[in-house]
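Here is what each chain is made of, one letter per residue.
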Amino acid sequence: MQQLPFKFGAEVYTWYMNNNGETYKDQLGHMIEIIAKAGFTGIQPIFSWMGKLSDPVLLEEKLKEQGIELAAVALALDWNGKEETDEERKVADNAIELLKKFPGSVLCTVQIPTGRHDLVQRRKNLTDIVNIVSRRAADHGVISSFHPNSPHSSITRTEEDYQVILDALDTSATGWCPDVGHIINGGMDPLGKMKEYQSLINHVHYKDWDGNPEFALMGNGRVDLLGITQWLKDIHYKGWIICEDEGKEALEDPDFVTLHDGQWIQKTLVPGLK
C-alpha cells in the first residue's frame, strides 16, 4: 500500500455482536490472529471482554507474535449518574493502568446506551464523567477519545446530541472519535461533521451503512469512505482508522467480515486515493 499518514486497525465488536459477546468469549488471541491475517496493523479490544489477555504481559506477547499494535481499548460503561460509581471508577482505572504499559494506545470512551430519558441532565452528566476519566488518564500519559454511538436508546445519537456533548468536552484531556457509520445513522453527513469538529479528532472508526435497517458490510453501503479517507490524508491525520464492521454478516462469520474488510481496504480503498 502507498505511504499514508494514518494506520488501519480493527475492532473486536464484530465478534461481540453474536449473543452479546458470549459466543466468542475469551477468544481475543484468535481475533488478533485474524486481524493480522487481514492485513491490519492494530487492534482495539473491549476492555471488559479481553479474557486472559487482560494480563498485559500475555497481551504484549500475543501482539508481538502477530506483528500487531494495541491501537486502543474501548472502555464502555453506563455512566448514568452525576458521577462515576465506585465500580465504574475501578474499571476505568484498571483500563488506564493497562494502557500505561502500551504508550500511544488510546482510551476510547463510550457510553452503553440505556435510554433517552432525562436527556439534558444525562448529557451533562456524561460529559462531566468523560472529562474526569480523561483527565485521570492524561495524568498517567494516556490519550483519550470519546466515541458517540447511535442506537435509538443512545443519548449521543442526534445532531443536537453531538453539538451539546462535543462542545462540552475538555479538549485538554480528550479528543473525539468520529464513527462514520454512527454519524450517518444519526441523520448527519459524516464528512461534514468531521470537518466541523476537525480539531477534536484523534481517533477514527469506520463502518458502512445502508439504512436497511442500519449497517452494511464495508464497501456495500452509502458511506463515502473514499472521500472521508482522502480528506484524512489531505489534512495529514496521523492517528488510527479502526474498522468496526457491524454488517449483518458479522453475526454468522466475523472472521470472514474482518478478512473482507482488510482486503477491501488494500485492494479498493487505498488504490482509490490520490
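Fair warning: this is a prediction, and the values are worked out from it, not measured in the lab. (Residues numbered from 1 in each chain as written. Predicted model: local features only at pLDDT ≥ 70, side-chain atom pairs only at ≥ 80, totals over all residues. Heavy atoms only, no water.)

## What to know about the UniProt feature "domain: Xylose isomerase-like TIM barrel" (unreviewed entry) in the protein chain
So, step 1. The UniProt record annotates "domain: Xylose isomerase-like TIM barrel" (unreviewed entry) at residues 33–264.
So, step 2. Across residues 33–264, the secondary structure splits into 43% helix and 15% strand, with the terminal C-alpha atoms separated by 18 Å. (UniProt positions renumbered as here; feature names shortened; annotations may be inferred. Helix = DSSP H or I, 4+ residues; strand = E, 2+ residues; numbered from the N terminus.)

## Considering the side chain of Gln111
So, step 1. Along the polypeptide, Gln111 turns up in strand E5 (residues 106–111).
So, step 2. Here the side chain of Gln111 touches Asp78 through a polar contact of 3.0 Å, landing on its backbone oxygen.
So, step 3. Residue contacts for Gln111: discarding those within four places in its chain leaves Leu77, Asp78, Trp79, Asn80, Arg122, Leu126, Asn149 and Ile155. (Polar contact = N/O pair within 3.5 Å; in protein donor to acceptor, adjacent residues only side chain to side chain. Contact = heavy atoms within 4.5 Å.)

## Brief notes about the layout of surface pockets
So, step 1. Volume-wise, the largest pocket comes out at about 620 Å³.
So, step 2. What lines the largest pocket is a set of 30 residues, and nearest its centre among them are Tyr13, Ala76, Ile112, Pro113 and Asn149.
So, step 3. Sorting the residues of the lining of the largest pocket by element identifies helix H1 (13–16), strand E4 (72–77), helix H4 (86–100), E5 and helix H7 (180–185) as the ones contributing at least two each.
So, step 4. Its residues placed into classes, the lining of the largest pocket shows 13 nonpolar, 10 polar and 7 charged. (1 Å grid on protein atoms, 1.4 Å probe; cavity = no way out; pocket = protein on both sides within 12 Å on 5 of 7 lines; lining within 4 Å. Points joined across faces, edges and corners; volume = space filled by probe spheres on them. Nonpolar A, V, L, I, M, F, W, Y, C, P; charged D, E, K, R; others polar.)

## Comments concerning helix H3 (residues 56–66)
So, step 1. The complete set of buried residues in H3 reads Leu59, Lys62 and Leu63. Buried residues of H3, seen end-on, are gathered within an arc of 100° and therefore sit on one face of the element. Within H3, the exposed residues directed more than 90 degrees away from the buried face are Val57, Glu61, Lys64 and Glu65.
So, step 2. As for H3, its buried residues are in contact with helix H2 (28–37), strand E2 (42–44), strand E3 (69–70) and H4.
So, step 3. The backbone nitrogen of Val57 has a side-chain oxygen 2.8 Å away, supplied by the residue at the start of H3, namely Asp55.
So, step 4. Taken from the residues just after H3, Gly67 is the one with a positive phi, measuring 70°. (Buried < 20%, exposed > 50% of the residue type's maximum accessible area, 1.4 Å probe, protein only. Arc of directions from axis to C-beta.)

## Some words on the packing of H4 against helix H5 (residues 119–139)
So, step 1. For the pair H4 and H5, the least separation of the axes is 10 Å and the interaxial angle reads 35°. Remark: the crossing between H4 and H5 carries right-handed chirality. Mapping the contact onto sequence places Arg89, Ala92, Asp93 and Ile96 in H4 and Val133, Arg136 and Ala137 in H5.
So, step 2. Here the contact of H4 with H5 is composed, by residue class, of 4 nonpolar, no polar and 3 charged. (Axes fitted to C-alpha atoms, helices over the stretch in contact; angles between N-to-C directions. Left-handed = near helix turned anticlockwise from the far one by under 90°.)

## Let's talk about the environment of Phe215
So, step 1. Checked against the element boundaries, Phe215 lands in strand E10 (residues 215–216).
So, step 2. What makes Phe215 buried here is its relative accessible area of 11%.
So, step 3. Spatially, the C-alpha atom of Phe215 lies 29 Å from that of Ala92, the residues being 123 residues apart in sequence.
So, step 4. Each residue touching Phe215, except ones within four places of it in the same chain, is listed here: Ser150, Gly181, His182, Asn185, Lys207, Asp208, Trp209, Asp210, Glu246, Gly247 and Lys248.

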